[in-house]
Amino acid sequence: MTSIEVSEKTEDSGPGGYAAARLLLLQGKERPGPPRRAALARLTDDWLAGLFAAAAPPRGTALVAVGGYGRAELSPRSDLDLVLLHDGTADKAAVAALADRIWYPVWDLGLALDHSVRTPAEARSTAAEDLKAHLGLLDARTLAGDAGLVAALRTTVLADWRNQAPKRLPELDALCRERAERVGELQYLLEPDLKEARGGLRDAQVLRAVAASWVADAPREGLDTARRRLLDARDALHLATGRATDRLALQEQDAVAAELGLLDADTLLREVYEAARTISYATDVTWREVNRVLKARSARPARLRTLLSRNGGTKPPVERTPLAEGVVEMDGEVVLARSARPERDPALPLRAAAAAAQSALPISLHAVRRLAAAAKPLPVPWPAEAREELVTLLGAGEATVPVWEALEAEGLITQLLPDWERVRCRPQRNPVHTWTVDRHLVETAVRASSLTRRVGRPDLLLVAALLHDIGKGWPGDHSVAGETIARDLAARIGFDRTDTAVIATVVRHHLLLVETATRRDLDDPATVKAVATAVGTLGTLELLHALTEADALATGPAAWSSWRASLVADLVKRVAGVLAGAPLPDPEAAAPSAEQERLAIEALRTGEPVLSLRTEPVVAEPEEPEPVGVELLIALPDRPGVLPAAAGVLALHRLTVRAADLRAVELPSGLGSGSVLVLDWRVAAEYGSLPEAARLRADLVRALDGSLDIPARLAEREAAYPRRRGLTAPPPRVTVAAADSRLATVIEVRAQDAPGLLHRIGRALEGAAVRVRSAHVSTLGANAVDTLYVTRPDGSLLPDEEAIDLARALEEALR
């Protein structure tokens, strides 16, 4: 006998019997699903009905379940939403006593209870004032008592809902929009709220309410399945956490996936995202129809009288404005023309989508479904018209997104681009990313559409933007896998061999510019030469530059800044020079700047550190100059321990290091004798204003003479501000990078970003007796990638074995 069968045969209506049966049901082998929710609801119904009967209720009373409980959708930790309904004839004290006989046993079991005691008139009045209460009453269900009283209330509340629809539905729409703005979209959140986020259970409930108004109905295909998936996930979440929570936190996802019998947390998120996408699309279509119907109703009487008078009493035809061959606008939507023949016109889906996006209009649900059902597959390779319509669709900017989502909801995107299935609804666990992989690709194309004037081949830019992460659905390096897929898709779309090769190259190297600019020494000729070799032509470089910006902007606010833009632009300028045949300057021959020389002379004269802080605004956009950091110059007589001391002082003053260059300056004769170390840093304040140079200098002097214990001070701060509880960070990884540099050995450190990380790295390198030539810091979210150019004390490169040993020692020191 299953646990569900056992629970249904429970005869003891007391709290103990109900609690035991409930526990048996929830701890059974059955996975979360409709049968278990229904069984839990029936079990709870029987218990509450028993409490009601045992309290000898007066005539004209009833116990009513509303909201989710009214729909018999009880999750393990759901609230019990109850109304004690009475007709007003019973003694108030008797009704109050009846309520106590029901509420207190519920509380005694620790169950969450949302309760009220009302007459039908009071319930109706509350519904008129409280939209959420009105929605809950639409699902009212009799548990015990006077069923006729409840039926009459349901009839009245439903009639009110339909009669007040022109007023209540816009209120409900505004409420949903505000909630979506506040909570976010479920289909893109790494830790989504299964109920309140857009596309969640709350929106599924709203769609039921809209349908009950008789104003519009949601597209039903897949909606029940999507809703069931989210309910199953919430059930599993309640069981995994033991709490009444709707937020699918990262640390709970593996347990929830196991509870549902899914492979892993990524599979769970993908199922949740797919369900949310179905509900979100149905929500968009439904509210569009609601607004259209309500607008038509409000304008109909006067407009109809005018039109009838003009047409001799005959109702005029609906206006249909041509947009493209076989595509027209009607009533604010893009629909197919009467003459359209999807079964004979394989380019029609893309033509209709491009026309809708260019006109910034939604494409009608009926049109998309007709195209999905009847459209003839495109030949491979695509004809030129289809390719051009795809480029037009991608180049429409923000208007591309809703049109693309409409096509994807009906399976048209995977018909056109079969490899899209691998990235559809695929989560990205890096918190820097705002979107799932597929939506990120579309967003990148949207961003790229504003950069098309910067490149000679806008079509290649837009298609490369759409495909640049297409390899994330495959194992291994997504850029390598993506190159092969992009080559196949570009040929499928109809590009010739030359253009296909360019798209494949851009996809393969779409991270090259930003990673090189932020993690490599741009003064090293090997850095610029390697990029030039990979890129090959100025045209490809131009496309990569635009895609780099579009990709970063579509990733999230942490992925792009004026500082990154300036580094990438500097790299592009140097690479363009090499591709144009210009010689690379020799960094060893570069003389110190006048400011560096001045500080070096002063440091040699005083024998102490000398500092200079200079803010240099860099223009990211012509209209918006933005400071991207401060140049901090430090000059002091060459001595051990400079790097960890300087990095530690900067960390104590909450300065983020973005780049660091260290060089020994030999002063010309007549200016003094001796070697001076000059550190050229680019720093930014974590928050607040920059510290004074005098304070930095004083602390640096103390750090160098040992009177300032930097590790102890950093440890005190760490203890005073403990990190939030969350996932354990992966261990650091240190590798020797294959940079082909003739100037230094390149060591790459990947670790959790934390105050003082560069200080700890510097201490470890000092202990290994190596000299740091330059350091380049790149941070994305909680992850830091620090690249260090190191040499032996005499300036020579480290032998391979010695470099590997250094990497291992540094990794161990950072653990």
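Higher on the page you've got the structure.
Below is a short write-up of the structure. (Residues numbered from 1 in each chain as written. Predicted model: local features only at pLDDT ≥ 70, side-chain atom pairs only at ≥ 80, totals over all residues. Heavy atoms only, no water.)

### Describing the sheet that holds strand 5 (residues 321-324)
Basically, it comes down to this: The pairing criterion is simple: DSSP has to find at least two bridges between the two strands. In this description a helix means any DSSP run of H or I spanning at least four residues, a strand means any run of E spanning at least two, and both kinds are numbered starting from the N terminus. Lines are fitted to the C-alpha atoms to define the axes, a helix being fitted only along its stretch in contact, and any angle between axes, read from their N-to-C directions, falls within 0 to 180 degrees. Contacts: residue pairs with any heavy atoms within 4.5 Å of one another.
Ordered by their spatial adjacency, 3 strands build an open sheet running 5-6-7, and the pairing between neighbours is antiparallel. Each edge of the open sheet is held by one strand with a lone partner, namely strand 5 and strand 7 (333-336). Between one strand axis and the next, the sheet turns through 40° on average, direction left out of account. Here strand 5 pairs with strand 6 (residues 327-330) via 3 bridges, running antiparallel. Counted as the bridge partner of T321 is E329 from strand 6. With respect to the sheet, helix 14 (residues 348-358) is in contact with strand 5, strand 6 and strand 7, its orientation differing from that of strand 6 by roughly 40°.

### Some thoughts on the packing of aromatic side chains
Counted only if it meets this: Under the pairing criterion, centres of Phe, Tyr and Trp rings, with the six-membered ring standing for Trp, must be within 6.5 Å; the plane angle then separates stacked pairs below 30 degrees from edge-to-face pairs above 60, leaving the rest tilted. The buried label applies to any residue whose accessible area, calculated with a 1.4 Å probe on protein chains only, is under 20% of its type's maximum; exposed applies above 50%, and partly exposed to all values in between.
For the structure on display, the rule yields 4 aromatic pairs. Taking the centre distance of 4.2 Å and the plane angle of 5° together, the rings of Y18 and W47 count as stacked. A residue pair is termed long-range when its members are at least 10 positions apart, and Y18 in helix 2 (residues 15-26) and W47 in helix 3 (residues 34-54) qualify at 29 residues. For Y18, a relative accessible area of 1% translates into the label buried. A ring pair is formed by Y188 and W435, whose centres lie 4.9 Å apart and whose planes are at 85°; its orientation type is edge-to-face. Of this pair, Y188 sits in the loop between helix 9 (165-183) and helix 10 (201-212) while W435 sits in the loop between helix 18 (412-416) and helix 19 (437-449); the two residues are 247 residues apart in sequence, bridging distant segments of the chain. There is no split in this pair, since Y188 and W435 are both buried.

### Quick notes on the packing of helix 21 (residues 478-493) against helix 22 (residues 497-508)
What counts is decided by this rule: Oblique is the label for any angle not under 35 degrees, not over 145, and not in the 65 to 115 range, which are roughly parallel, roughly antiparallel and roughly perpendicular in turn. Note: crossing handedness is left-handed where the near helix turns anticlockwise from the far helix by less than a right angle, and right-handed where it turns clockwise. Classification used: nonpolar for Ala, Val, Leu, Ile, Met, Phe, Trp, Tyr, Cys and Pro, charged for Asp, Glu, Lys and Arg, polar for all others including Gly.
Following both chains from N to C, one finds helix 21 and helix 22 inclined at 155°, their axes separated by 8 Å at the closest point. In terms of orientation, helix 21 lies roughly antiparallel with respect to helix 22. Once helix 21 is placed against helix 22, the crossing between them reads as right-handed. Between helix 21 and helix 22, the contacting residues are S479, V480, G482, E483, A486, R487, A490 and A491 on the first element and T500, A501, I503, A504, V507 and R508 on the second. Its residues assigned to classes, the contact of helix 21 with helix 22 shows 8 nonpolar, 3 polar and 3 charged.

### Quick word on the environment of R605
Stated precisely, the cut-off is as follows: Here a polar contact is recorded for every N or O atom pair within 3.5 Å, except that within protein the pair must consist of a potential hydrogen donor and a potential acceptor, and residues adjacent in sequence are included only if both atoms are side-chain atoms.
Note that R605 resides in helix 27 (residues 594-606). For R605, a relative accessible area of 61% gives the class exposed. A polar contact of 2.6 Å, which involves the side chain of R605, links it to the side chain of E602.

### With respect to the packing of helix 23 (residues 512-519) against helix 26 (residues 562-579)
Where helix 23 contacts helix 26, the axes come no closer than 9 Å and their chain directions differ by 100°. Relative to helix 26, the element helix 23 lies roughly perpendicular. Together, L513, V514, T516, A517 and T518 of helix 23 and R564, L567, V568, L571 and V572 of helix 26 make up the contact between the two elements. Along the lines of polarity and charge, the residues of the contact of helix 23 with helix 26 split into 7 nonpolar, 2 polar and 1 charged.

### Comments concerning the side chain of S364
If you trace the backbone, S364 turns up in the loop between helix 14 and helix 15 (365-374). Looking at S364, its side chain comes within polar contact range of the main-chain nitrogen of A367, at 3.0 Å. Those residues in contact with S364, other than ones at most four positions away along the chain, are R288, E333, V334 and V335.

### Looking at the pairing of strand 2 (residues 80-86)
Regular strands place their side chains on alternate faces of the sheet. With 7 of 7 residues buried, strand 2 lies mostly within the body of the structure. Burial along strand 2 is two-sided: the face carrying L80, L82, L84 and H86 and the face carrying D81, V83 and L85 are both buried. For strand 1 (residues 61-65) and strand 2, the ladder comprises 5 bridges, and the chain directions are antiparallel. If you follow T61 over to strand 2, its bridge partner there is H86. With 6 bridges joining them, strand 2 and strand 3 (residues 113-118) adopt parallel strand pairing.

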